[in-house]
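Structural description and commentary
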Amino acid sequence: MILGIKKNGKKPWFNKACEDSVKRRKVIRKYWLKDINNEARAREFSRRKKETHSIIRVKKRKYLLRIIEDADRIKKKAEQRMGDYQGGFRAGRSMTDQMFMFLHKPVNLISISIMETLARVRVGNTLADPITQSHLFIADFV
């Protein structure tokens, strides 16, 4: 019984050049194994082994670099869409920053004063005193 999804065994970066290089390495290895005391065959196999390793390493690095560049591009777009008011779980931002951005938004200040809403801040298990209209106007002048 198989649980989950069966993964495709093929690596996305493993292309035709990698496949050809591995095939050439296998052929040279079989040729060398027929006469393992032959130094020329051993050198040729060693050279082919290093070449194959290099080709595969370069392809894998290019693939991973492209993934990292895509992630950076997505992160920049997400930063633009979220704006300054979203603070949690973002690099260089904290929930405290997010709470104070709330106090500096004029639209929120107006809606709080019109609806006579009380805002309270919780830090850990401590709940602060309510923020009233008078607190909001004092914050604008400080």
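Quick caveat: nothing in here was measured; it's all calculated off a predicted structure. (Residues numbered from 1 in each chain as written. Predicted model: local features only at pLDDT ≥ 70, side-chain atom pairs only at ≥ 80, totals over all residues. Heavy atoms only, no water.)

Let us look at helix α1 (residues 16–34). Counted at 1.5 Å a residue, the expected span for α1 with its 19 residues is 27 Å, and the 28 Å between its end C-alpha atoms agrees. Those residues of α1 lying buried are Cys-18, Ser-21, Val-22 and Ile-28. One side of α1 holds all its buried residues, which, seen down the axis, span an arc of 130 degrees. Relative to its buried face, α1 has exposed residues pointing more than 90 degrees away, namely Lys-16, Lys-26, Val-27, Lys-30 and Lys-34. In this structure Asn-15 caps α1, since a side-chain oxygen of it lies 3.2 Å from the backbone nitrogen of Ala-17. (Helix = DSSP H or I, 4+ residues; strand = E, 2+ residues; numbered from the N terminus. Expected span 1.5 Å × (residues − 1). Buried < 20%, exposed > 50% of the residue type's maximum accessible area, 1.4 Å probe, protein only. Arc of directions from axis to C-beta. Polar contact = N/O pair within 3.5 Å; in protein donor to acceptor, adjacent residues only side chain to side chain.)

Our focus in this paragraph is the pattern of salt bridges. Scanning the entire structure with this criterion turns up eight salt bridges. Taking the shortest distance from any N to any O, the salt bridge between Lys-23 and Glu-19 comes out at 3.6 Å. Here Lys-23 pairs with Glu-19, and both are found in helix α1, just four residues apart, close to one helical turn. A residue is classified by how much of its surface remains accessible, and Glu-19, at 27% relative accessible area, is partly exposed. Residue Glu-44 pairs with Arg-47 through a salt bridge whose shortest N-O separation is 2.8 Å. Placement of both Glu-44 and Arg-47 in helix α2 (residues 39–82) is noted, with a separation of three residues, approximately one turn of the helix. With a relative accessible area of 26%, Glu-44 lands in the partly exposed category. Its relative accessible area of 40% is what places Arg-47 among the partly exposed residues. One connected set of salt bridges, linked through shared partners, spans Arg-24, Glu-44, Arg-47, Arg-48 and Glu-51. (Salt bridge = Lys/Arg side-chain N within 4 Å of Asp/Glu carboxyl O.)

All quantities given are derived from atomic positions and should not be read as evidence of function.
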